[in-house]
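Each chain, written out:
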Amino acid sequence: PNIIKASLMPNTTIIDDGLAIMGLADTGRQAEGIGIQIAIQQGSRLASFNQPIDFIAGMDGSPTRYLPYLARYIQTEAEVTPGDANGTMAFLIEYQ
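No experiment lies behind these values; they were computed from the predicted model shown. (Residues numbered from 1 in each chain as written. Predicted model: local features only at pLDDT ≥ 70, side-chain atom pairs only at ≥ 80, totals over all residues. Heavy atoms only, no water.)

K.L.:
How do you make sense of the overall build of the protein when you look at a structure like this?
P.N.:
A count of helices and strands for the protein gives 0 helices and 8 strands. Listed N to C, the secondary structure of the protein is β-β-β-β-β-β-β-β in terms of helices and strands. Across the 96 residues of the protein, 32% fall into the buried class. Here the analysis covers contacts within the protein between residues at least 6 apart in sequence; of these, 74% occur between residues at least 24 apart. Distance between charge centres in the protein, computed from 5 positive and 10 negative side chains, equals 10 Å. (Helix = DSSP H or I, 4+ residues; strand = E, 2+ residues; numbered from the N terminus. Buried < 20%, exposed > 50% of the residue type's maximum accessible area, 1.4 Å probe, protein only. Contact = heavy atoms within 4.5 Å. Lys, Arg positive; Asp, Glu negative; His and termini not counted. Charge placed at Lys NZ, Arg CZ, Asp CG, Glu CD.)

Shown next, in the form of structure tokens:
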């Protein structure tokens, strides 16, 4: 079967690489005390930043493949202050 390698590269700071938490974009009025956590398959597995994750391409002959990432806000400090809560990342896909 063919393999799809997907790499996620945050455009913000990485707060905790092991827990796949990235920082918020600096807007001058961003929230504090939270980050964005990236998970795979309903949150059962955390993503990895800057490292490819292998997904097997559909073996049913379909040209479509779903990459099951999800993002959620997660508290990173004892106190949370309101504000913008945005983040961006580059998403690199390699097909083999």
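K.L.:
What exactly am I supposed to notice about the pattern of salt bridges here?
P.N.:
A side chain of one charge can pair with a side chain of the opposite charge if their charged atoms are brought near each other. Tallying each qualifying case throughout the model produces 2 salt bridges. Ionic pairing is found between K5 and D54, a salt bridge with its closest N-O pair at 2.9 Å. Pair noted here: K5 is in strand β1 (residues 3-10) and D54 is in strand β6 (residues 53-56), with a separation of 49 residues, a long-range link. (Salt bridge = Lys/Arg side-chain N within 4 Å of Asp/Glu carboxyl O.)

K.L.:
Quick question: what am I supposed to make of the sheet that holds β1 here?
P.N.:
In sheet architecture, strand pairing relies on hydrogen bonds along the backbone and comes in two forms, parallel and antiparallel. Taken in spatial order, the 3 strands make up an open sheet running β6-β1-β8, and their pairing is antiparallel. Strand pairing shows two members of the sheet lacking a second neighbour, β6 and β8 (89-95), which therefore form its edges. The mean angle between the axes of side-by-side strands here comes to 25 degrees, regardless of whether they run parallel or antiparallel. Here β1 pairs with β8 via 7 bridges, running antiparallel. Across the sheet, S7 pairs through a bridge with L92, a residue of β8. (Pairing = 2+ DSSP bridges. Axes fitted to C-alpha atoms, helices over the stretch in contact; angles between N-to-C directions.)

K.L.:
I tried to follow the pairing of β1 on my own but got confused; where do I start?
P.N.:
Remark: a regular strand shows side chains that alternate across the two faces of the sheet. By the criterion of burial, β1 is predominantly enclosed, with 6 of the 8 residues buried. When β1 meets β6, the two strands line up antiparallel, connected through 4 bridges. Looking at the pairing, A6 lines up with I53 of β6.

K.L.:
I tried to follow the nonpolar core on my own but got confused; where do I start?
P.N.:
As a rule of thumb, nonpolar side chains are buried together in soluble globular proteins. Core analysis: the largest hydrophobic core is formed by 18 residues, its most contacted members being I38, A47, F55 and Y69. Counting only elements with at least two residues in this core, the list comes to β1, β4 (34-40) and β6. Broken down by element, the residue count for this core peaks at 4 residues, all from β4. Here I38 is in contact with L8, A20, L46, A47, F49, Y69, L70, A71 and M89, once residues within four sequence places are set aside. (Core = buried A, V, L, I, M, F, W, Y, C linked by side-chain atoms within 4.5 Å.)

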